[in-house]
Every structure is written in structure tokens, then in C-alpha cells.
Amino acid sequence: MTAAGIDNVRFEARLLLSHATGLSTEELISRGRNPAPPAHEEALRGLTARRVKREPMAYILGEREFWGLPFKVTPAVLVPRPDSETVIEAALSLMPDRTRAWRILDLGLGSGCLLLTLLKEFPNARGVGLEASPEALAIARGNAEALGVAGRGTLREGDWRLPDWTRPLGGPFDLVVSNPPYIEASTIDGLMPEVARHEPRLALDGGPDGLAPYRVIAAVGRELVAPGGLLLAEVGEGQAIEVAEIFGAGGLQPGAPFKDLGGIDRVVRATH
Ligand code: GLN
């Protein structure tokens, strides 16, 4: 795997071995150098071949942790990233009362990591999620069930590129969150192979300048965000100022952005 350009080879190899054998790291260590049964060896070879093609670990293992919660993932959804946890931090800091029955909307559910985590953190909240890909929607629904929040979430298929797309959502909402596609279309092929070759274009491609989805959201901001409510949108590096301007032009009041752990302005906020 080193030759394929993968860092952290030992760590990943151990995870793949665990996955192939169904044994924990501790169990593997206690087995020492006993040879693996042929079925396990075969399984490991299959998983390693996928990783060498730079398939993301999360797709091979079928799961990724986000905010300490397990999310099933497939190639139909963007892999949840630590950067996106900044959206959750921002929501918790701006809406400290966890007991309120907030109405929350997530535009572009993917795995559901944003909305479903918020429904866990706000036990009386109700959520609506919009997702254009039926395959992704099925994953998000499965995650909602597994996390025990399905009863408080309405996860719907829909596409903000179509007219009247907000009508079925039933807003307005106290909190609208989104991690929209924000990569400039022409740069996607130059990203690391895990992203460029394996993650869904629908979740990455933000149009020619990467900002198209923010314009769509801004155009309906005052309709979707209730007066006094909040919009939190993840942005790419260097996009925060422009996105704040786009939200401002849509009639919302932008505020200071939230930084991710790398110190990058990662989440733009705006209020109505
Ligand atoms: N965070 C992803 C990346 O940089 C992009 C996801 C997105 O477009 N929302 O690869």
C-alpha cells in the first residue's frame, strides 16, 4: 500500500485485517503469528486491492465516526469529515438550550451526519432533510433508524436545482444547516484520488466558482430561516467572505465565521 501513495499504512492495514477477520486488534495480537485461515486471507487481499485503488477507508469499512456517532457510509455519500463537526459546534454554541423543540432543516443530507447529530444533541428538536440522490437518502434513513432519531426526522428526496424545491419542506426553520458541494468544478479531478475518483460528484461539484449552491440557498434564505433563526453553512477554504456576502445579498445578516480545528474559516453563519 505504501507504493500506492498511502500514508498511515500500518494503521490502515490493521483496520483492514480486523475487518477481514472480524477480530479486534487485541484478538489479533493474541493470535501472534498463527497463520490466518484461507478465507480471511482472501478477504484481506480483496480489501487491500480496493485500498490500493485509493478507495476511501470509510467506504471499505462501511462506516465512519462523526461527533462520536457511527454513520454507515457507501460511495453514494460524502465521507463525513471532522471539519464538518464545526457546524455542530457552532449550533451548540449559538443555541445553548438543548431542551427546546427547534425545527431544523438540512440541505443536502448525504449520510445525514449533520441533521442526525443535531437531532441527537437536541432531543426535542424535529428535523427535515433534503437529498437529491435516492441512494444517499436510503443511507441517511438507515442511519436515522440506527441512531434512534428516525421518529423526529422527515428525510425527503428533492433537488434544489428544480423550481419550487422549497415547497414540500414545510418551513420556516429555527436552524438551517448545509454542507453543500463547494469545490470548483474544474479542480475536482486534481484532488486526492480518494475524493476525485470515489466520492460522489453531486456532493462535491459547486459549479464553475464553487459557490453556486450558496446562491441557491441565499435566494430562499428569508423563506426557509424563521425570523430570529439561524443559517449555518460549511464552506471551502477561502470562501467564507464571499459566502457571507452572498447570504447578505439574500437579505440575511451574516456574522463572524467559525473556524475548524485547522484554523480555517469553515462555517458561515447568518441570521434572519
Ligand atoms: N470537504 C470536502 C473536500 O474538501 C468537500 C465537500 C463539499 O464540497 N462539501 O474534499
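Calculation notes
Residues numbered from 1 in each chain as written. Predicted model: local features only at pLDDT ≥ 70, side-chain atom pairs only at ≥ 80, totals over all residues. Heavy atoms only, no water. Core = buried A, V, L, I, M, F, W, Y, C linked by side-chain atoms within 4.5 Å. Buried < 20%, exposed > 50% of the residue type's maximum accessible area, 1.4 Å probe, protein only. Helix = DSSP H or I, 4+ residues; strand = E, 2+ residues; numbered from the N terminus. Near = heavy atom within 4 Å. Polar contact = N/O pair within 3.5 Å; in protein donor to acceptor, adjacent residues only side chain to side chain. Areas by Shrake-Rupley, 256 points an atom, 1.4 Å probe, with all protein chains shown as cover. Nonpolar A, V, L, I, M, F, W, Y, C, P; charged D, E, K, R; others polar. Pairing = 2+ DSSP bridges. Phe/Tyr/Trp six-rings, centres within 6.5 Å; stacked < 30°, edge-to-face > 60°. Lys NZ or Arg CZ within 6 Å of the ring centre and 35° of its normal.

1. Digging into the nonpolar core
Among soluble globular proteins, nonpolar side chains are generally buried collectively.
Moving on, step 1. Counting 33 residues, the largest nonpolar core has Leu-107, Leu-169, Tyr-214 and Phe-247 as its most contacted members.
Moving on, step 2. Among the elements of the structure, strand S3 (103-107), strand S4 (126-131), strand S6 (173-178), helix H9 (212-219), strand S7 (225-234), helix H11 (240-249) and strand S10 (265-271) are those that each provide at least two residues to this core.
Moving on, step 3. Of all the elements, H11 adds the most residues to this core, at five residues.
Moving on, step 4. Within the second largest apolar cluster, 32 residues are counted, among which are Leu-109, Leu-118, Leu-119 and Val-149.

2. So, the site of the ligand
Moving on, step 1. Taken together, Leu-78, Arg-81, Asn-179, Pro-180, Pro-181, Tyr-182, Ile-183, Ala-203 and Leu-204 form the complete shell of residues around the ligand.
Moving on, step 2. Within the contact set of the ligand, an oxygen atom lies 2.9 Å away from a backbone nitrogen or oxygen of Tyr-182.
Moving on, step 3. A distance of 3.4 Å separates an oxygen atom of the ligand from a polar atom in the backbone of Ala-203.
Moving on, step 4. Its free accessible area being 300 Å², the ligand has 86% of it covered by the protein chains.
Moving on, step 5. Broken down by class, the residue content of the shell around the ligand amounts to seven nonpolar, one polar and one charged.

3. Quick word on the environment of Leu-155
Moving on, step 1. Secondary-structure assignment places Leu-155 in strand S5 (residues 153-157).
Moving on, step 2. Between the alpha carbons of Leu-155 and Leu-92 there is a distance of 22 Å; along the sequence they are 63 residues apart.

4. Concerning the pairing of S10
Moving on, step 1. As defined by bridge partners, S7 adjoins S10 across five bridges and the pair is classed as antiparallel. Looking at S10, one finds that Leu-230 is bridged to Thr-271.
Moving on, step 2. Alignment of strand S8 (residues 253-254) against S10, held across two bridges, turns out to be antiparallel. Looking at the pairing, Pro-254 lines up with Ala-270 of S10.

5. Here's the deal with the packing of aromatic side chains
Moving on, step 1. In this structure the tally under the stated criterion is three aromatic pairs.
Moving on, step 2. With 6.2 Å between their ring centres and 80° between their planes, Phe-66 and Phe-71 make a pair best called edge-to-face. Here Phe-66 and Phe-71 have matching classes, each one buried.
Moving on, step 3. Ring centres of Trp-160 and Trp-165 lie 6.4 Å apart, and the angle between their planes is 65°; on these two criteria the pair is classed as edge-to-face.
Moving on, step 4. The side chain of Arg-100 reaches across the aromatic face of Trp-102, ending 4.4 Å from its centre.

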